[in-house]
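Residues per chain, in single letters:
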Amino acid sequence: MVITVPDYFHDFHCLAGSCPDTCCGQWEIVVDEAAKARYLSVEGDLGRRIRAALTTRDGEDVMVLENGKCPLLTEDGLCEIVLQKGEDFLSETCHTHPRFTEIYGNLQETMLSISCPEAARLLLTREKPLSFVTTRNDAPPEPTDLEPELFVALSQGRDTAMAILQRRSLPLSDRLALFLEFAHRLERLTDDGRYYAAQRLSHRYRNQNYCLRRLARLRRKRRGGDFAPLKALLLSMEHLSADTPAIFAALEAPVLERDQVPLEQLAVYLLFRWWRKASCDGYLWRQAGAIAAGVLTVAALTPLCGSILEAARRFSKEVEHSEENRAALTHAMDGADFSLSALLSLL
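This section reports on the structure supplied with the text. (Residues numbered from 1 in each chain as written. Predicted model: local features only at pLDDT ≥ 70, side-chain atom pairs only at ≥ 80, totals over all residues. Heavy atoms only, no water.)

## A short note on empty space enclosed by the protein
Inspection of every chain in the model, using the stated rule, returns one cavity of 30 Å³ or more. Put simply, the largest cavity is a space of about 50 Å³. Lining the largest cavity we find Phe100, Glu102, Tyr104, Glu109, Thr110, Met111, Phe272, Arg273 and Arg276. Mapped by element, the contributors of at least two residues to the lining of the largest cavity are strand E5 (99–104), strand E6 (107–112) and helix H12 (260–274). Residue composition of the lining of the largest cavity, grouped by class: four nonpolar, one polar and four charged. (1 Å grid on protein atoms, 1.4 Å probe; cavity = no way out; pocket = protein on both sides within 12 Å on 5 of 7 lines; lining within 4 Å. Points joined across faces, edges and corners; volume = space filled by probe spheres on them. Helix = DSSP H or I, 4+ residues; strand = E, 2+ residues; numbered from the N terminus. Nonpolar A, V, L, I, M, F, W, Y, C, P; charged D, E, K, R; others polar.)

If you want it as C-alpha cells, here you go:
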C-alpha cells in the first residue's frame, strides 16, 4: 500500500483537556461493532455509564450526547474510557479523529480534518507551501473498479491543479480562476475518453506563459458576480451549530486579497480531500466547483468568525463533516448558478 499524508501530519498531537473545542461535543459519535462489544463487556460504574449512553439511531450505534457533549467526558475535558481502559479501547471514530482516510486500490490518503483546532492551526498558520509525504507498507491493495485511464488522468490533473493553486507569483483570485477553467476543460476531455489530450492539457497549465494567456482571455468573465446563490445554498443546509444560520445569513461577497496564504493552504487541503473522488464517477466539475466554493465561503466567513482558523473550522464542521451537506454542495455545481462563468464572476 502506498500511503500519502501532509508534511505536517506527524506534528499533530491531540490537545486533550486543553482543547478549546473538543471533538467529544456536538456530534453523536458512531460506535463500530468491535468497539460496541468491548464497551458492553466493561463492568462497574464505567460499564453502566457506557450502556446508558449507547443507543441505536438510523441503524447505527451511537453515543447519545448529554448537554451537548459525550457523557463519558470528564470535567477536565478528558475521556473516561481512555483514562480507565486506554486509547486502544476506543471506537474507530474516536481513535482515528481528526484523521480522514480515503483508499483507492493500492493508494491510501490520510488528512487531518480542520474541524480540529490543532489541525487547523498546523495547516493555516504555516507560510511554506503544503507538500505531501509518501511511504509504502506491505498491506495488500483494496479491491477497486476504478477506470485506470481516468484515475491516471485525474491524478496527473491533481498535480497540475496543486501547482496552479500554489503559484504565488499570481494573486489567489487568478489562481482560482485558472484552477476552475483547467478542471472544466479537463472534465470535458475525460468525459470523451481523450486521455492523451487530458495529459497534454495538464502539461500546458504548468507553463507560466500559457497560464498568463489564459488569464487574459478569462478577464472579461470575471466581474459582476452574484454571491447570493452560494449564500442561499449554505442557508438551505442542515446546520450543526445553533448560531450558524444567523452567521450564514450575514455573509457578504468575500475579499480574496486578505489571508491569501492560509486560503491557498485551504484550497490545497480541499483539493487533496475531494478532487480524487471524481475518479469514482467522473464528475470532476462537482469537486472542483465545491473546492472553489469552499474557499469563497471561508473567506466570507472570516470577518464574521473573527479569524480564518475559526471560519475554516466552522465550514469543516458544517459541510465537510456532513455527508448530506457535502452532497448538496457538490450537486449544486451542476446548476447554472455554479457554472464556470458564474464562479469565475465571483473572482
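## Description of the sheet that holds strand E4 (residues 60–63)
The strand order across the open sheet built from three strands is E2-E4-E3, with neighbouring strands paired in antiparallel fashion. Edge strands, defined here as strands with exactly one partner in the open sheet, are strand E2 (29–30) and strand E3 (54–57). Bridging between E3 and E4 involves four bridges; their strand directions are antiparallel. Residue pairing across strands places Leu54 opposite Met63, the latter belonging to E4. Of the strands in this sheet, E3 and E4 are in contact with helix H2 (residues 44–53), which crosses E3 at around 15°. (Pairing = 2+ DSSP bridges. Contact = heavy atoms within 4.5 Å. Axes fitted to C-alpha atoms, helices over the stretch in contact; angles between N-to-C directions.)

## Quick notes on the packing of aromatic side chains
Applying the stated criterion across every chain, the model contains seven aromatic pairs. Seen in terms of ring centroids, Phe179 and Trp275 are 5.9 Å apart; in terms of plane orientation they differ by 45°. Their pairing is tilted. Here the residue Phe179 occupies a position in helix H7 (residues 172–191), and Trp275 occupies one in the loop between H12 and helix H13 (278–281), the gap between them amounting to 96 residues. Comparing Phe179 with Trp275 shows no difference in burial state: the two are buried. (Phe/Tyr/Trp six-rings, centres within 6.5 Å; stacked < 30°, edge-to-face > 60°. Buried < 20%, exposed > 50% of the residue type's maximum accessible area, 1.4 Å probe, protein only.)

## A closer look at the nonpolar core
With 89 residues, the main nonpolar core has Phe179, Leu263, Leu266, Trp275 and Leu329 as its most contacted residues. Looking at this core, the element that brings in the most residues is helix H14 (residues 284–305), giving 14 residues. Not counting the four nearest positions on each side in its chain, Leu263 is found in contact with Leu172, Leu256, Arg258, Val295, Val298, Ala299 and Ile308. One finds Leu46, Ile50, Ile81 and Leu90 within the second-largest nonpolar core, a separate group that totals 16 residues. (Core = buried A, V, L, I, M, F, W, Y, C linked by side-chain atoms within 4.5 Å.)

## Topic: the pattern of salt bridges
In this structure the tally under the stated criterion is 17 salt bridges. Ionic pairing is found between Glu310 and Arg313, a salt bridge with its closest N-O pair at 2.9 Å. Here Arg313 and Glu310 lie together in helix H15 (residues 308–320), a separation of three residues that amounts to about one turn. When salt bridges with common partners are traced through the structure, they connect Glu102, Arg273, Lys277 and Glu320 into a single cluster. (Salt bridge = Lys/Arg side-chain N within 4 Å of Asp/Glu carboxyl O.)

## Examining the side chain of Gln287
In this structure, Gln287 sits in helix H14. Residue classification places Gln287 among the buried positions, given a relative accessible area of 6%. Excluding anything up to four places from it in sequence, Gln287 contacts Trp274, Trp275, Lys277, Ala278, Arg326 and Thr330.

## Quick look at helix H6 (residues 148–165)
Compared with the 26 Å implied by 1.5 Å per residue over 18 residues, the 26 Å span of H6 between its first and last C-alpha is a close match. Taken as a whole, H6 has its buried residues at Leu150, Phe151, Ala153, Leu154, Ser155, Gly157, Arg158, Thr160, Ala161, Ile164 and Leu165. (Expected span 1.5 Å × (residues − 1).)

## Remarks on the sheet that holds strand E7 (residues 132–136)
Here we have four strands laid out as an open sheet, ordered E5-E6-E1-E7, and mixed in their pairing. Each edge of the open sheet is held by one strand with a lone partner, namely E5 and E7. Here the average twist between neighbouring strands, direction ignored, is 20°. Looking at chain direction, E5 and E6 are connected through six bridges and run antiparallel.

## Let's talk about the environment of Asp226
Positionally, Asp226 belongs in the loop between helix H9 (208–218) and helix H10 (228–236). Ignoring anything within four residues of it in the chain, the contact list for Asp226 reads Ser345 and Leu346. Here the side chain of Asp226 touches Ala228 through a polar contact of 3.0 Å, landing on its backbone nitrogen. (Polar contact = N/O pair within 3.5 Å; in protein donor to acceptor, adjacent residues only side chain to side chain.)

## Side note on the layout of surface pockets
Unfilled space is identified by rolling a water-sized probe across the atoms. Empty space within the second largest pocket amounts to approximately 260 Å³. In terms of lining, the second largest pocket is formed by 14 residues, of which the most central are Thr4, Glu109, Arg158, Asp159 and Arg276.

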